[in-house]
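Descriptive analysis of the structure
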Amino acid sequence: MLNVAVFGSGTGSNFRSILAAIDQGTLTGVTIRLVVSNNAEAGILSTARAHALPALHLSQKQFPDEESFAAAMLSALRERGVNFIALAGYLKRVPSSVVAAYRNRIVNIHPALLPRFGGAGMYGLHVHEAVIAAGEKASGASVHYVDEEYDRGPVILQKTVPVLPGDTPESLAARVLTVEHELYPEALSMIAAREAKENAAHT
Ligand code: GRF
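Below is a short write-up of the structure. If you're wondering where the values come from, they're calculated on a predicted model, not measured in any experiment.

Moving on, we come to the sheet that holds strand β2 (residues 30-37). In space, the seven strands of this open sheet follow the order β3-β2-β1-β4-β5-β6-β7, with mixed pairing throughout. Where the open sheet ends on each side, the last strands, each with one partner, are β3 (55-57) and β7 (155-162). Averaged over all pairs of adjacent strands, the angle between strand axes in this sheet comes to 20°, irrespective of strand direction. Pairing of strand β1 (residues 2-7) with strand β4 (residues 84-87), which is carried by four bridges, proceeds in the parallel orientation. Its bridge partner lying in β4, alanine 5 is registered against isoleucine 85. Here helix α2 (residues 43-50) sits on the sheet in contact with β1, β2 and β3, set at roughly 135° to β2. Its contacts with the sheet place helix α6 (residues 169-201) against β1, β2, β4, β5 (106-110), β6 (138-145) and β7, and it is angled at close to 155° to β7.

Let's shift gears to the site of the ligand. Within the structure, the ligand sits among Thr11, Gly12, Ser13, Asn14, Gly89, Ile109, His110, Pro111 and Glu180. The contact in question runs from an oxygen atom of the ligand to an N or O atom on the side chain of serine 13, over 2.5 Å. Contacts to the ligand include asparagine 14, whose backbone N or O atom sits 2.8 Å from an oxygen atom. Its residues placed into classes, the shell around the ligand shows two nonpolar, six polar and one charged.

Cut-off values and rules
- Residues numbered from 1 in each chain as written.
- Predicted model: local features only at pLDDT ≥ 70, side-chain atom pairs only at ≥ 80, totals over all residues.
- Heavy atoms only, no water.
- Pairing = 2+ DSSP bridges.
- Helix = DSSP H or I, 4+ residues; strand = E, 2+ residues; numbered from the N terminus.
- Axes fitted to C-alpha atoms, helices over the stretch in contact; angles between N-to-C directions.
- Contact = heavy atoms within 4.5 Å.
- Near = heavy atom within 4 Å.
- Polar contact = N/O pair within 3.5 Å; in protein donor to acceptor, adjacent residues only side chain to side chain.
- Nonpolar A, V, L, I, M, F, W, Y, C, P; charged D, E, K, R; others polar.

As structure tokens, this is what we get:
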């Protein structure tokens, strides 16, 4: 079972798509144990509360240094029995001690076809602006493992959308977001199934 903490900074539409897939029974082997946001006002926290899920506002600004911030994050995760982290629009870097404690157990969704159009500065509309400026005919979304570098860990699953003539960053973002909502539950489902199979092989 993936006991998941979802981290986000904003609206949380990907988180809602994950919850919907769990409710509909299309995403199995996954339970949401905790939702974390650096932003107290983030929609993702209100969605969590509306679903009676633990919602935690946790920001570096509440702590004197990264070490104490990371320690608080780790203890919140452990308290809830979290064994997997899904970043869904989380705009902050995950502290390296948390990445180390959850090695190969943190994934992220990125609104482009990695390894292209990722890395520092490639977030929100900047991504889609860059895709259009490069004259790409296709874009999409990627779910990938998270390591110490932004958007660099191995890709798990991708979905492609066309870039259409006359696309604006906003219209392309909306098309990509639609496939993100299918992609994230599918990727989590795949990881949970793979893990269940591995666990069964070891028992
Ligand atoms: C998505 O486009 C995701 O790919 C990116 O941040 C956005 C989050 O949107 N990492 P939401 O908060 O899930 O609506």
